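What follows is the residue order along each chain.
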Amino acid sequence: MDVRKAVIPAAGLGTRFLPATKAVPKEMLPIVDTPAIQFVVEEAVRAGITDVLIVTGRGKGPIEDHFDRSVELEVFLEEKGKFDELKQVVAISDMAGIHYIRQKEAAGLGHAVSLARDHVNGEPFAVLLGDDLIHPSVPLLEEMIGVSEEREASVIAAMKVPPEDISLYGCITPEVLDEQLSRVVRVVEKPPVAEAASNLAAIGRYVFTPDIFDAIARTEPGHGGEIQLTDAINIVAQETSVYAYSFESGRYDVGNRLDYLKAMVTFALERDDVGPGLRSWLAELAKRERLV
Ligand code: G1P
């Protein structure tokens, strides 16, 4: 069955970005002028997704407004003759069918995904985490969907990280099948560095077969006292098979302040409008600050 649906968990409080995230959802923080969550929805649409369920929570209203029509803004832009901007704002609301469900308590990523059960209605589906920004040139999700369809199994994205960073991630013990594909022998949420079996980290892109929901229902609170998606994936990996699809570049952890800045500069340099100006200013800055 084609993967048509995606779930984007967006209920987190964004404490790593305070004070900006006190009143603004972290998913709405812009990369140049585009909210991070718009890149995530665009990525899903590029991979063939037509239906997106965003799991929200208190204070996440701006996300709904962003993907909604804004008649007032459209009329204003039309009157002012700003037709490019008009096309852009209308396109955002036409990208996909976007639906919302609220997570009432911070009970973990596994719990957030479990709320999608009725909406997903027995189909395979993708999960995209907004903190992981994937460069639009990397067809990661399309490729993962291909593997999932071929193997009729769930697939998680994986990337090697510096060994000292593995305690920030789901840590995968792989049985390597080829350069990119492994079978997941085990996956452990945020193990202490000394106990980590590898430096292969789960990255926030997943393609699931519907059996993940039964596994989440059987998952006890784990790391941080929360229902962890990683623990549910581990159950499926033990009982049937889960695959890890490795990739090497084009991922930015925009939940991390430094990586957020790097994403901003990288994306800005690639643009025709601000790119050239930023490039020459960066060259001047590097000279002035004796960076090189
Ligand atoms: C989540 C997952 C973790 C995964 C990570 C990828 O953690 O729980 O398994 O490795 O995303 O970014 P978070 O970063 O939300 O704490």
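The sections below set out a description of the structure shown in this document. Since the structure is predicted, the reported quantities are computational estimates derived from the model, not experimental observations.

Brief notes about the site of the ligand
Now for step 1: Around the ligand lies a shell formed by Leu-109, Leu-129, Asp-132, Tyr-169, Gly-170, Glu-189, Lys-190, Ala-202, Gly-204, Thr-230 and Arg-251.
Now for step 2: Between the ligand and Lys-190 there is a distance of 2.6 Å, counted from an oxygen atom to a side-chain nitrogen or oxygen.
Now for step 3: One of the side-chain N or O atoms of Thr-230 is found 3.1 Å from an oxygen atom in the ligand.
Now for step 4: In the complex, the protein chains occlude 79% of the 380 Å² of accessible area that the ligand would expose alone.

What to know about the pairing of strand 10 (residues 181–189)
Now for step 1: Sheet topology note: the strand 9 (residues 170–176)/strand 10 ladder contains seven bridges and is antiparallel. When the sheet's bridge partners are listed, Glu-175 is paired in strand 10 with Arg-183.
Now for step 2: Between strand 9 and strand 10, which follow one another and run antiparallel, lie four residues.
Now for step 3: Two strands pair when backbone bridges link them, and strand 10 and strand 12 (residues 242–246) are joined in this way by three bridges, in the antiparallel orientation. Looking at the pairing, Ser-182 lines up with Ala-244 of strand 12.

Some words on the packing of aromatic side chains
Now for step 1: Evaluation of the coordinates by the stated rule reveals six aromatic pairs.
Now for step 2: On the numbers, 5.1 Å between centres and 10° between planes, the contact of Phe-125 with Phe-213 is stacked. One end of the pair, Phe-125, is in strand 6 (residues 125–128); the other, Phe-213, is in helix 8 (residues 212–217), and 88 residues separate them in sequence. The two residues Phe-125 and Phe-213 agree in class, both being buried.
Now for step 3: Between Tyr-252 and Phe-267, the aromatic rings sit 5.8 Å apart at their centres with planes inclined by 80°, giving edge-to-face as the arrangement. Pair noted here: Tyr-252 is in strand 13 (residues 251–253) and Phe-267 is in helix 10 (residues 257–269), with a separation of 15 residues, a long-range link.

Considering helix 10
Now for step 1: End to end, helix 10 covers 19 Å across 13 residues, agreeing with the expected 18 Å (1.5 Å per residue, within 8%).
Now for step 2: All of the buried residues along helix 10 are Asp-259, Tyr-260, Ala-263, Phe-267 and Ala-268. Taken down its axis, helix 10 places every buried residue within 165° of arc, on the same side.
Now for step 3: Residues of helix 10 that are buried make contact with strand 2 (30–31), helix 1 (36–46), strand 7 (132–134), strand 13 and helix 11 (275–288).
Now for step 4: N-capping of helix 10 is provided by Asn-256, with a side-chain oxygen placed 3.0 Å from the backbone N of Leu-258.

A word on the layout of surface pockets
Now for step 1: There is about 1,400 Å³ of room inside the largest pocket.
Now for step 2: The wall of the largest pocket is formed by 50 residues, among which Gly-12, Lys-26, Leu-109, Asp-131 and Lys-190 lie closest to the centre.
Now for step 3: Looking at the lining of the largest pocket, the elements with two or more residues in it are helix 1, helix 5 (109–114), strand 11 (200–208), helix 9 (229–239) and strand 13.
Now for step 4: In terms of residue class, the lining of the largest pocket is built from 22 nonpolar, 14 polar and 14 charged.
Now for step 5: Taken together, 20 residues form the lining of the second largest pocket, with Glu-179, Gln-180, Ser-246, Phe-247 and Glu-248 sitting closest to its centre.
Now for step 6: Counting only elements with at least two residues in the lining of the second largest pocket, the list comes to helix 7 (140–151), strand 8 (154–160), strand 9, strand 10 and strand 12.
Now for step 7: Tallying contributions element by element places strand 8 first for the lining of the second largest pocket, with three residues.
Now for step 8: Considering only residue class, the lining of the second largest pocket consists of eleven nonpolar, four polar and five charged.

So, helix 4 (residues 83–94)
Now for step 1: With twelve residues, helix 4 extends 16 Å between its outermost C-alpha atoms, agreeing within 8% with the 16 Å of an ideal straight helix rising 1.5 Å per residue.
Now for step 2: Here helix 4 has its buried residues at Leu-86, Ile-92 and Ser-93. What you see down the axis of helix 4 is that its buried residues fit within an arc of 125°, all on one side. Set apart from the buried face of helix 4 by more than 90 degrees, the exposed residues are Asp-84, Lys-87, Gln-88 and Asp-94.
Now for step 3: Residues of helix 4 that are buried in the fold lie against helix 1, helix 2 (61–67) and helix 3 (71–79).

Reading the values: rules and limits
- Residues numbered from 1 in each chain as written.
- Predicted model: local features only at pLDDT ≥ 70, side-chain atom pairs only at ≥ 80, totals over all residues.
- Heavy atoms only, no water.
- Near = heavy atom within 4 Å.
- Polar contact = N/O pair within 3.5 Å; in protein donor to acceptor, adjacent residues only side chain to side chain.
- Areas by Shrake-Rupley, 256 points an atom, 1.4 Å probe, with all protein chains shown as cover.
- Pairing = 2+ DSSP bridges.
- Helix = DSSP H or I, 4+ residues; strand = E, 2+ residues; numbered from the N terminus.
- Phe/Tyr/Trp six-rings, centres within 6.5 Å; stacked < 30°, edge-to-face > 60°.
- Buried < 20%, exposed > 50% of the residue type's maximum accessible area, 1.4 Å probe, protein only.
- Expected span 1.5 Å × (residues − 1).
- Arc of directions from axis to C-beta.
- Contact = heavy atoms within 4.5 Å.
- 1 Å grid on protein atoms, 1.4 Å probe; cavity = no way out; pocket = protein on both sides within 12 Å on 5 of 7 lines; lining within 4 Å.
- Points joined across faces, edges and corners; volume = space filled by probe spheres on them.
- Nonpolar A, V, L, I, M, F, W, Y, C, P; charged D, E, K, R; others polar.

Scope: geometric values only; no functional claims are made or implied.
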